[in-house]
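Summary of structural features
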Amino acid sequence: AALAREATLARSPDLPPDELQHRAQIISMAALKFMLLKVNPRTTIMFDPQAAIKFEGDTGPYILYAYARISSLLRKAAELPAATVDWSRLDAEAEKKLALRCALYPEAVQKAARELDSSTLAAYLLDLAKDFSTFYNRCPVLNVEDAVLRQTRLELSTKVRDILGDGLRTLTIGTLENM
């Protein structure tokens, strides 16, 4: 928890003590649980607390950060006028890859349950978070002028957030709206 507290404080030095403690607790539990759950049950593991707490790479905090980033995006989008959603407007490679990854979620959950292997779901969530990061960096969401495309990208982002949240809860990992 001390490492998570330090990492949280470095990112948000003005947090009230209660909020700092809450975030540090969620992040530290995500780091620990995810590090254990992402490993195939037949593999020997070496736990590295410094590596587990990082906000980058194959870690629980990385997935929490993606969830919080999308939450922030959706809060900002609430101020914009709504438009219709047209999935056929998603034609960039990053959009297609992200949408396809979302469609694979039920299969990832079923495989993890069938094989009693949480690493399957953990790997899926990491891939989804990485695909979202690529999408977010290549496809403007809030700053696109086409209202229908913006709304469709927002809807795709919402789906990713929902899946990340459900997957984390399935792995008994809490979420954060801000990091």
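One can find the structure itself at the top, above this paragraph.
Read on for an overview of the structure.

1. Regarding unusual backbone geometry
Its identity is not glycine, yet L116 carries a phi of approximately 50°, on the positive side. Here L116 lies in the loop between α6 (105-115) and α7 (118-138). At T172, a position not held by glycine, the phi torsion is positive, near 60°.

2. Things to note about the packing of helix α4 (residues 60-77) against helix α8 (residues 147-170)
Two elements in contact, α4 and α8, have axes whose closest approach is 9 Å; the angle formed by their N-to-C orientations is 140°. Put simply, α4 runs oblique to α8. Note that α4 runs across α8; the crossing there is left-handed. When α4 is examined against α8, the residues I63, L64, A66, Y67, I70, S71, L73, L74 and A77 are found in contact with a partner set consisting of L154, S157, T158, V160, R161, L164, G165 and L168. Among the residues forming the contact of α4 with α8, the class breakdown is 12 nonpolar, 4 polar and 1 charged.

3. A few points about the packing of helix α5 (residues 93-103) against α8
With their axes 10 Å apart at the nearest point, α5 and α8 run at an angle of 35° to one another. Classified by chirality, the crossing of α8 by α5 is left-handed. Contacts between α5 and α8 involve E95, L98, A99 and C102 from the former and L149, R153, L156, V160 and I163 from the latter. When its residues are assigned to classes, the contact of α5 with α8 shows 7 nonpolar, no polar and 2 charged.

4. Section: α4
Spanning 18 residues, α4 covers 26 Å between terminal C-alpha atoms, matching the ideal 26 Å at 1.5 Å per step. All buried positions along α4 are accounted for by G60, P61, Y62, I63, L64, A66, Y67, A68, I70, S71, L73 and A77. The N-capping residue of α4, defined by a side-chain oxygen 3.1 Å from the backbone nitrogen of Y62, is T59.

Rules used in this analysis
- Residues numbered from 1 in each chain as written.
- Predicted model: local features only at pLDDT ≥ 70, side-chain atom pairs only at ≥ 80, totals over all residues.
- Heavy atoms only, no water.
- Helix = DSSP H or I, 4+ residues; strand = E, 2+ residues; numbered from the N terminus.
- Axes fitted to C-alpha atoms, helices over the stretch in contact; angles between N-to-C directions.
- Parallel < 35°, antiparallel > 145°, perpendicular 65-115°, else oblique.
- Left-handed = near helix turned anticlockwise from the far one by under 90°.
- Contact = heavy atoms within 4.5 Å.
- Nonpolar A, V, L, I, M, F, W, Y, C, P; charged D, E, K, R; others polar.
- Expected span 1.5 Å × (residues − 1).
- Buried < 20%, exposed > 50% of the residue type's maximum accessible area, 1.4 Å probe, protein only.
- Polar contact = N/O pair within 3.5 Å; in protein donor to acceptor, adjacent residues only side chain to side chain.

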